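Structural overview
Chain by chain, the residues:
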Amino acid sequence: MNNSAEAFFAAKLAFETDVSDVHAALESGRPGLIVIDSRNTASWDQGHLPGAVHRPDPATLPRDAELVVYCWGPGCNGATKAALELARHGHRVREMIGGFEYWAREGFPVVTSTGEVTRPVDELTAPCGC
């Protein structure tokens, strides 16, 4: 195996996660997991992941927590910017690839001002089982 490719993909998995893995971690009640929404207040109010926190001050987050940051979706780098800021403050952080868009498209629950809702699963993004 190509050592450069192996190192690249190992690092990628160390710093990224996907919506299915985050959903499974939340469902399992994994201790120390904090999911962070990096979007603006209007987007947060439209809907966010259950249990997520909205743009916390990095100084208020426990140093031993496992942080997962998300933004809107693949066309937005807000989560990348937020993850960089958290890493600069010494936190262990990963970016949730696909963001809120793919979370909602896969039919996972979303918290809105009216409560928790689920949308129909988009057949093009149905969980792949990987």
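In the block above lies the structure referred to throughout.
All figures in this text were calculated on a predicted structure; none of them were measured in a lab. Counting restarts for each chain: residues are numbered from 1 in the order of the written sequence. In keeping with the model being predicted, local features are shown solely for residues with a pLDDT of at least 70 and side-chain atom pairs are shown and tallied solely at 80 or more, while totals for entire chains, interfaces and linings include all residues. With hydrogens and water excluded, all non-hydrogen atoms of the structure serve as input to the side-chain values.

**Examining the pairing of strand 5 (residues 92-97)**
Selection criterion: Pairing between two strands is assigned when DSSP locates at least 2 bridges connecting them. Strands are runs of DSSP state E lasting at least 2 residues, helices are runs of H or I lasting at least 4, and numbering of each runs from the N terminus. Look down the strands so they point away from you; if the path from the first strand over the helix to the second goes clockwise, the crossover is right-handed.
Examined bridge by bridge, strand 1 (residues 16-18) and strand 5 share three bridges and lie parallel to one another. Counted as the bridge partner of E16 is E95 from strand 5. Here four bridges tie strand 4 (residues 66-70) to strand 5, and the two strands are oriented parallel to one another. Looking at strand 5, one finds that V68 is bridged to R94. Chirality of the crossover, the property in question, places the unit of strand 4, helix 4 (residues 78-88) and strand 5 among those that are right-handed.

**A few points about helix 2 (residues 19-28)**
Heads up, the rule is: When a residue's accessible area, from a 1.4 Å probe over protein chains only, is under 20% of the maximum for its type it is buried; when over 50% it is exposed; and in between it is partly exposed. The arc under discussion is defined with respect to the helix axis, by the directions toward the C-beta atoms. In what follows, a contact means two residues having at least one pair of non-hydrogen atoms within 4.5 Å. For this analysis, a polar contact is any N or O atom pair within 3.5 Å, provided that within protein one partner can donate a hydrogen and the other can accept it, and provided that sequence-adjacent residues contribute only side-chain to side-chain pairs.
Along helix 2, the residues that are buried comprise V19, V22, H23 and A25. Buried residues along helix 2 cover an arc of 165° about the axis, so they all sit on one side. Of the exposed residues in helix 2, the ones pointing more than 90 degrees away from its buried face are E27 and S28. In this fold, the buried residues of helix 2 make contact with strand 1, strand 2 (33-37), strand 4, strand 5 and helix 5 (99-105). The N-cap residue of helix 2 is D18: its side-chain oxygen and the backbone nitrogen of S20 are 3.3 Å apart. Remark: G29 follows helix 2 within two positions and exhibits a positive phi of approximately 70°.

**Re the sheet that holds strand 1**
Going by this rule: Under this scheme, a helix contributes an axis fitted over its contacting stretch, all axes are lines through C-alpha atoms, and angles between N-to-C directions fall in the 0 to 180 degree range.
Strand order in the open sheet made by the five strands is 1-5-4-2-3, with parallel pairing throughout. Whereas interior strands pair on both sides, the edge strands pair on one side only; in this sheet they are strand 1 and strand 3 (53-54). Relative to the sheet, helix 4 contacts strand 2, strand 4 and strand 5, its axis offset from that of strand 4 by approximately 155°.

**Regarding the nonpolar core**
For the record, the criterion: Take the buried residues of types Ala, Val, Leu, Ile, Met, Phe, Trp, Tyr and Cys, join any two whose side-chain atoms come within 4.5 Å, and each joined set is a nonpolar core.
Judged by nonpolar contacts, the single largest core of 16 residues is most densely connected at V22, V35, L49, Y70, M96 and W103. Mapped by element, the contributors of at least two residues to this core are helix 2, strand 2, strand 4 and helix 5. With residues near it in sequence (within four places) discarded, L49 still touches V22, V35, Y70, M96, F100, W103 and V111. Counting residues in each nonpolar core, the second largest holds 12 residues, with I36, A65, C71 and L86 among its members.

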